[in-house]
Amino acid sequence: MFACMTRTPARHQVSSDIAIRRGTDIVKAMALGASAVLVGRPAVWGLAHAGAAGVPHMLRLLRDELEIAMALTGCATLAEASPALLDADAIADSRG
């Protein structure tokens, strides 16, 4: 996705619908430059599991996981997520 973002003009928005299953996947997609993420498959799983009540439950779980992932990475907002979050060498170097 990062390669796609570097070749996409700034006026274009990029959405990710690939492998979004957990809150950490959302942070990764946003760090790589996505403007939004789509959660079609997890919504279908929630619907299949618990009917109409399963979808909002799945969204709550996903949001909880997202908030935890943001807290663990030190991001107060998704705008603070950057590719550096995914670079283990850069993280190790910053810690000394």
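We now turn to the structure provided with this report. Remember, it's a predicted structure, so these values are computed and weren't measured experimentally.

**Overview of the nonpolar core**
Within soluble globular proteins, side chains that are nonpolar tend to cluster in buried spots. Counting residues in hydrophobic clusters, the biggest one holds eleven residues: Ile20, Ile26, Val27, Ala29, Met30, Ala34, Met58, Leu62, Leu66, Ala69 and Met70. Secondary-structure elements contributing two or more residues to this core are α2 (23-31) and α4 (54-73).

**Examining the side chain of aspartate 25**
Relative to the helices and strands, aspartate 25 resides in helix α2. Within the structure, the side chain of aspartate 25 is placed 2.9 Å from the backbone nitrogen of arginine 21, a separation counted as a polar contact. Ignoring anything within four residues of it in the chain, the contact list for aspartate 25 reads Ala19 and Ile20.

**Details of the packing of α2 against α4**
Their axes nearest at 7 Å, the elements α2 and α4 cross at an angle of 60°. Considering the angle they form, α2 stands oblique to α4. Considering the relative orientation of α2 and α4, their crossing is right-handed. From α2, Gly23, Thr24, Ile26 and Val27 reach across to α4, where they touch Leu62, Glu65, Leu66, Ala69 and Met70. Its residues assigned to classes, the contact of α2 with α4 comprises six nonpolar, two polar and one charged.

Calculation rules
Residues numbered from 1 in each chain as written. Predicted model: local features only at pLDDT ≥ 70, side-chain atom pairs only at ≥ 80, totals over all residues. Heavy atoms only, no water. Core = buried A, V, L, I, M, F, W, Y, C linked by side-chain atoms within 4.5 Å. Buried < 20%, exposed > 50% of the residue type's maximum accessible area, 1.4 Å probe, protein only. Helix = DSSP H or I, 4+ residues; strand = E, 2+ residues; numbered from the N terminus. Polar contact = N/O pair within 3.5 Å; in protein donor to acceptor, adjacent residues only side chain to side chain. Contact = heavy atoms within 4.5 Å. Axes fitted to C-alpha atoms, helices over the stretch in contact; angles between N-to-C directions. Parallel < 35°, antiparallel > 145°, perpendicular 65-115°, else oblique. Left-handed = near helix turned anticlockwise from the far one by under 90°. Nonpolar A, V, L, I, M, F, W, Y, C, P; charged D, E, K, R; others polar.

The quantities given are spatial measurements derived from coordinates; they are silent on function.
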